[in-house]
Amino acid sequence: MALRIAQVSSRVTVPVPHSSRVAASVPSPVAENSKLKLTPAAVLGASRSRGNSHGAGIPPTTGSFAHTTITTRLPAILDSMIRDLEEDVSLRASEDPLDWSGVAAAQAAAALAELRGLRLSMPADGPLEPLHVAGASEDTRCWQMLKSGCCCQPGGGVRGAGSGGGRLLLESANECVQLAAARWQQQQQHKEEEEGCSEGEDVRASGGISRGQSGPDAVPSAVASGTGTGTGSTGVSTGVSTGVSTGVSTGVSTGVSTGVSTGVSTGVSTGVSTGVSTGGGAGPPAPTWLALPWLVVECYMYAAIHAALQRQAVFAGYDPFSRQKAAAWVKSAAAAADMAAEVELLRYGLMQHGGEAPPPQPPQLPSSSESPATATATQTGGTLPPPAAAARAAVLAGLSMALWGNKADLSLMVNAAGLDALALAAAAAPPPPSASLDRYDDTCTAMPAATASPPPPPPPPPSSRVIVDDTAAVWEVIERLIARRAAAAGTSSVVVGGGDDDDDDANEGDGDGIRVDIVLDNSGLELFADLCLADLLVSAGVRGRVVLHGKLIPWFVSDTVSADLEALLRSCEAAEPPSASVSSDAWQAVRRAAARWRGHLAAGRWRWEAHPFWCTPAPFCWMAAAAPDLYDSLSGSDLLVFKGDLNYRKLTHDCRWPHTTPLREALQGFHPAPLVALRTLKADVVVGLKKGQSEQLSAADPDWLTNGKWGMVQASMSLTG
Ligand SMILES: O=P(O)(O)OC[C@@]1(O)O[C@H](CO)[C@@H](O)[C@@H]1O
């Protein structure tokens, strides 16, 4: 909740000059000029030319992970979000009854009614209504202003998205639903034609699927176009029009969604029909929650939430998930302090070998007697000269933090009773030490050992929780970048600094043209871990620019919007930790990290970007056609780091590939630059495994694909290599 974060922020005591605060704050997302084109002609034609042959357009089968997510987890997420929204609204009303009356109260009621309607349509497998931004207002009053008397904080996340990126996003969500519905219809036709064709989704045990399902690039036989009167609807409308709504109900028929009654707001409320529509007339059946691919439906839900809130001016800038994000961050404080201490230790190691005077005392790790970072430096250094060994240790540790930070994902932790405190606590536990990427040796050795009794001998237990580990390839790329930078600067290869202790290179953001892009995932602890990686990259000598790609609107509960970055920085800058579980002393390393990070932002070493493409269900193989500006921009990068499960699903088009499919093949032509995915497995999509590995993992852990306990550092450094 923004309100709560603001309270945390108010404890900041580090004096920061106003001018530098402004310069260093997270800039607003730039969406107005972004291009996004998700039409069949743009997207399907482009991806078809790449010859993909796998199916991503499969509606979820009963009992599959996707089906369970749509029928159980997504409704629980909505329930929990609606509860938070209700609490926020009643809090606002009680705090400021005068301000919170009339129009504002009616707007809140309208948004809540719409969201409850959305929730009702899920168990009924109702239609995915076209989303509208009609009525979105540019009213400058926003949620934060009502609360605090000042408007949205600098770079306040979603502000303005309704007129630019927001509208674009909702249109894209509609287009994607149409595309998927058309594909669905085509698949139905195929099914009828080719009876007996296997459409099984669950590949957990088998390690693969049969090829030959209709491909995601299949040309739809009836792509929606045109509008109709909507008179064909025979649906049961449970849409709600409340408050002082003067909503006009107009039917919108897009060819795939029939009989949709959509309220057009002319006042403060929109009545959107989200009831069960059986459709009417000829044409394909309406796309519903269970008739389309999981990814499309899931993204649709977040776009629909945004639409419901965005239409009401009072919710401009409001993040309905911020309560959960703030609560999770409080529980992550100890883990963050540990990470920050380890980063200091790694930086100390770099300074020792980088020719700069090291601090008189090595920093202390708060919670472990043996320094994992030091261990890393010696263990992984091998034959490398000390500076390179220290740089390698820092980079590996950063990768490890960023990888396991992906366990902290709120969308997996919401249950019907709200936040699953146990899951949250487990995820917020400090990441295992960074002596190597393999954090879970103990757990693995505790697994049942293989016996010799035939037949057949069970596969040996996996030796690592990191099931694909391409860190060597990633380090090679980074080492080359460090060398390039060092050659250009005429310095030793390892240059530690940045931020408060190293202001001489301010505005070096374009330095030597080196650029690493991190496509972020969750806020809070995962974001903190990602910033540690970015920090360590800079410290190790990658001194060009790190571009942080976030989301434009609240997405998948905990994904990072710019307001989350700002809130995290402010919380980290506070004199006192947000939780009593961390001592003030231990928190100092976090404060120093935050000061460095502000410095990186101010100097242009780090830059925030939020392209609307990231908030669509489109797979990345569509990016070149759908968002050419983004693809071109990424092509200028030296290394792309994709964080998290959702990005992985989009990298692989969320296809149920045979698990031994090479990543390059699954990317289907998407390759703007060398790339690496850091992901814990939370969806039944995986590629690049060795023969037999899938079976081995299934034997060790039946839920390995989805329980988030297994990780991958999976790279594709070139399209040919
Ligand atoms: O990208 P993240 O945060 O790692 O994971 C997102 C994600 O966990 O959310 C879904 C559940 O709704 C998952 O199955 C999905 O992949």
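Cut-offs applied
Residues numbered from 1 in each chain as written. Predicted model: local features only at pLDDT ≥ 70, side-chain atom pairs only at ≥ 80, totals over all residues. Heavy atoms only, no water. Helix = DSSP H or I, 4+ residues; strand = E, 2+ residues; numbered from the N terminus. Expected span 1.5 Å × (residues − 1). Phe/Tyr/Trp six-rings, centres within 6.5 Å; stacked < 30°, edge-to-face > 60°. Buried < 20%, exposed > 50% of the residue type's maximum accessible area, 1.4 Å probe, protein only. Lys NZ or Arg CZ within 6 Å of the ring centre and 35° of its normal. Axes fitted to C-alpha atoms, helices over the stretch in contact; angles between N-to-C directions. Parallel < 35°, antiparallel > 145°, perpendicular 65-115°, else oblique. Contact = heavy atoms within 4.5 Å. Nonpolar A, V, L, I, M, F, W, Y, C, P; charged D, E, K, R; others polar. Pairing = 2+ DSSP bridges. Core = buried A, V, L, I, M, F, W, Y, C linked by side-chain atoms within 4.5 Å. Domains from an automatic or database assignment. Buried area = accessible area lost by both parts, 1.4 Å probe. Salt bridge = Lys/Arg side-chain N within 4 Å of Asp/Glu carboxyl O. Polar contact = N/O pair within 3.5 Å; in protein donor to acceptor, adjacent residues only side chain to side chain.

Visitor: Which parts of the structure should I look at to understand unusual backbone geometry?
Guide: Where the residue is not glycine, phi is negative for most of them; where a peptide bond is considered, it is trans in most cases. Phi angles above zero are rare outside glycine, and Val 557 is one such case at about 65°. When you line up the elements, Val 557 lands in the loop between strand E7 (545–549) and helix H16 (562–573).

Visitor: Would you mind showing me how to read helix H17 (residues 584–603) here?
Guide: Helical geometry: 3.6 residues make up each α-helical turn, so side chains three or four residues apart lie on a common side. With 20 residues, H17 should reach 28 Å at 1.5 Å per residue; the first-to-last C-alpha distance of 28 Å fits that figure. Gly 604 occupies a position one or two residues after H17 and carries a positive phi of about 85°.

Visitor: Is there a simple way to think about the packing of aromatic side chains in this case?
Guide: By convention here, two paired aromatic rings are described through the distance between centres and the angle between planes. Considering all chains together, one arrives at 18 aromatic pairs under this definition. Ring centres of Trp 555 and Phe 556 lie 5.7 Å apart, and the angle between their planes is 45°; on these two criteria the pair is classed as tilted. An angle of 35° between the planes, with centres 6.1 Å apart, marks the rings of Trp 597 and Trp 606 as tilted. Owing to a relative accessible area of 0%, Trp 597 belongs among the buried residues under this scheme. Accessibility expressed as a relative area gives 3% for Trp 606, which makes it buried. We note Arg 649 situated over the ring of Trp 294; from NZ or CZ to the ring centre the distance is 3.6 Å.

Visitor: I keep staring at the packing of helix H15 (residues 525–540) against H16 and nothing clicks. Help me out?
Guide: The relative placement of two packed helices is expressed as an angle between their axes plus a distance between the axes. The interhelical angle for the contact between H15 and H16, taken along N-to-C directions, is 80°, at an axis separation of 11 Å. Accordingly, the angle class assigned to the pair H15 and H16 is roughly perpendicular. In this structure, H15 uses Leu 527, Phe 528 and Leu 531 to contact H16, whose residues at the interface are Asp 564, Leu 565, Leu 568 and Cys 572. Here the residues of the contact of H15 with H16 are counted per class, giving 6 nonpolar, no polar and 1 charged.

Visitor: When you look at the pairing of strand E10 (residues 675–680) in this model, what are you seeing that I'm missing?
Guide: A regular strand places its side chains on the two faces of the sheet in alternate fashion. In terms of residue burial, E10 counts as a mostly covered element, since 6 of its 6 residues are buried. Of the two faces of E10, both are covered, the one formed by Leu 675, Ala 677 and Arg 679 as well as the one formed by Val 676, Leu 678 and Thr 680. In the sheet, strand E9 (residues 639–643) pairs with E10 via 4 bridges, with the strands oriented parallel. In the strand pairing of E10, Leu 640 is matched with Leu 675. Pairing of E10 with strand E11 (residues 711–716), which is carried by 6 bridges, proceeds in the antiparallel orientation. Among the inter-strand pairings, Arg 679 is bridged to a residue of E11, identified as Met 712.

Visitor: Just checking my understanding: could you explain the nonpolar core for this structure?
Guide: Nonpolar side chains tend to gather and get buried jointly when the protein is soluble and globular. Counting residues in each nonpolar core, the largest one holds 166 residues, and the members touching the most others are Ile 305, Ile 467, Phe 528, Phe 613 and Met 623. Per element, the largest residue contribution to this core is 14 residues, and it comes from helix H8 (residues 294–310). Apart from the residues within four sequence positions on either side, Ile 305 is in contact with Leu 78, Met 81, Leu 115, Leu 118, Pro 320 and Phe 321.

Visitor: Could you clarify how one ought to interpret the domain arrangement of the protein chain in this entry?
Guide: Many descriptions give the size of an interface as the accessible area lost when the pieces come together. In terms of domains, the protein chain is made up of domain 1 (63–138 + 164–187 + 287–315) and domain 2 (327–354 + 386–419 + 462–489 + 512–716). The straight-line distance from the C-alpha centre of domain 1 to that of domain 2 is 28 Å. Between domain 1 and domain 2, the residue contacts involve 21 residues of the former and 27 residues of the latter. Taken together, the two surfaces of domain 1 and domain 2 that pack against each other cover about 2100 Å², and 75% of this comes from carbon and sulfur. Linking domain 1 with domain 2 are 1 salt bridge, by the criterion used here. Across the salt bridge formed by Glu 298 and Arg 649, the nearest N and O atoms sit 3.2 Å from each other. Joining domain 1 to domain 2, the criterion identifies 1 residue pair in polar contact (both at pLDDT 80 or more). At the level of elements, helix H4 (65–95), helix H7 (165–193) and H8 are the ones that each hand at least two residues to the side of domain 1 that touches domain 2. Counting residues per element, the side of domain 1 that touches domain 2 draws most heavily on H8, at 8 residues. Tallied by class, the residues present in the side of domain 1 that touches domain 2 amount to 13 nonpolar, 4 polar and 4 charged.

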